[in-house]
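Commentary on secondary and tertiary structure
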Amino acid sequence: MKEAVYIGRNPAAEPDLQQLLHEVALGDQEAFASVYDTVAGPVLGVVRAVLRDLAQSEEVAQDVLVEVWRTAPRYRPDRGTAINWILTLAHRRAVDRVRSVEAAAARDTKAALLDRTPEYDEVTEQVESRLEQEQVRRCLRTLTDLQRQSVTLAYYRGLTYREVAEALALPLGTVKTRLRDGLIRLRDCLGVTA
C-alpha cells in the first residue's frame, strides 16, 4: 500500500478548527491561541491580497482575529468549514477597509473642491450685471433730456432734489415732477412691478 503524499502541511497534523471554535465560543483562551496560530497566516494572506499594504493588512488581520474571538458563538458548522468562515470574515473586513479608505478619499476630495469653489458663479454674476447695466442704459435713452438729467444727478451723483433743482436752475416742484415721471418710465421700461 502506498503512503499518501501531501504538498504543504499534513492535514492530519492540523487541529480541528470546528472543535476549537466551539471551545473558543465557551471562552477557552488556549483554544483561541490554537485557532490564532492555525489561521493567522491564511487570514493575513487573504487580507493582504485585497489591501496590498502590509501595515494595513496586519491591522485588519488583527481585527479579524479579535472578531473571531468575539463572534465564535455565531459560527454554524452546517453552513461551511471553520476555515472558510474565518477567511470569509477576513475578506469582508478587508473589503470594508478598502471601501472606507475610498470613501474617506472621496470626502477629502469633495471637501477640497468645495474650499476652492466660489460661493457664486463669478462669470454668471458679471454677465448678469452687464446685461442689467445695458438694459438701464437703453431705458435711460428713452427718457427726455430733462428727465435723464434729473435722474442722473439724483441717482448716479447722489444729489438731493434741492441740489438737482439748483444744478439745473429749475424750480424744486418741476424737478420733483421730472424725476417722478422719469422713474415711472424707467420702471415700465425695465419691467419692474411696483
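- As annotated in an unreviewed UniProt entry, the protein carries the name Sigma-70 family RNA polymerase sigma factor and comes from Streptomyces griseoluteus.
- The annotation that UniProt attaches to the protein under Sequence similarities (unreviewed entry) is "Belongs to the sigma-70 factor family. ECF subfamily."

**What to know about the side chain of Arg 97**
- Within the secondary structure layout, Arg 97 lies in helix α4 (residues 82-116).
- Each residue touching Arg 97, except ones within four places of it in the same chain, is listed here: Leu 51, Gln 56, Glu 59, Val 60 and Asp 63.

**Details of the state of the cysteines**
- For the structure shown, the criterion picks out one disulfide.
- One disulfide bridge connects Cys 139 with Cys 189, the sulfur atoms lying 2.0 Å from each other. Residues Cys 139 and Cys 189 are joined by a disulfide whose S-S torsion is about -80 degrees; by sign, that bridge is left-handed. Here Cys 139 is found in helix α5 (residues 122-140), whereas its partner Cys 189 is found in helix α8 (residues 172-190), with 50 residues between them in sequence.

**Describing the layout of surface pockets**
- Considering only enclosed or pocket space, the largest pocket measures out at about 170 Å³ in volume.
- Lining the largest pocket, in full, are Arg 74, Tyr 75, Arg 76, Arg 79, Gly 80, Thr 81, Asn 84, Trp 85, Thr 88, Leu 89 and Arg 92.
- Broken down by class, the residue content of the lining of the largest pocket amounts to three nonpolar, four polar and four charged.

Reading the values: the criteria
- Residues numbered from 1 in each chain as written.
- Predicted model: local features only at pLDDT ≥ 70, side-chain atom pairs only at ≥ 80, totals over all residues.
- Heavy atoms only, no water.
- UniProt positions renumbered as here; feature names shortened; annotations may be inferred.
- Helix = DSSP H or I, 4+ residues; strand = E, 2+ residues; numbered from the N terminus.
- Contact = heavy atoms within 4.5 Å.
- Disulfide = S-S within 2.5 Å.
- 1 Å grid on protein atoms, 1.4 Å probe; cavity = no way out; pocket = protein on both sides within 12 Å on 5 of 7 lines; lining within 4 Å.
- Points joined across faces, edges and corners; volume = space filled by probe spheres on them.
- Nonpolar A, V, L, I, M, F, W, Y, C, P; charged D, E, K, R; others polar.

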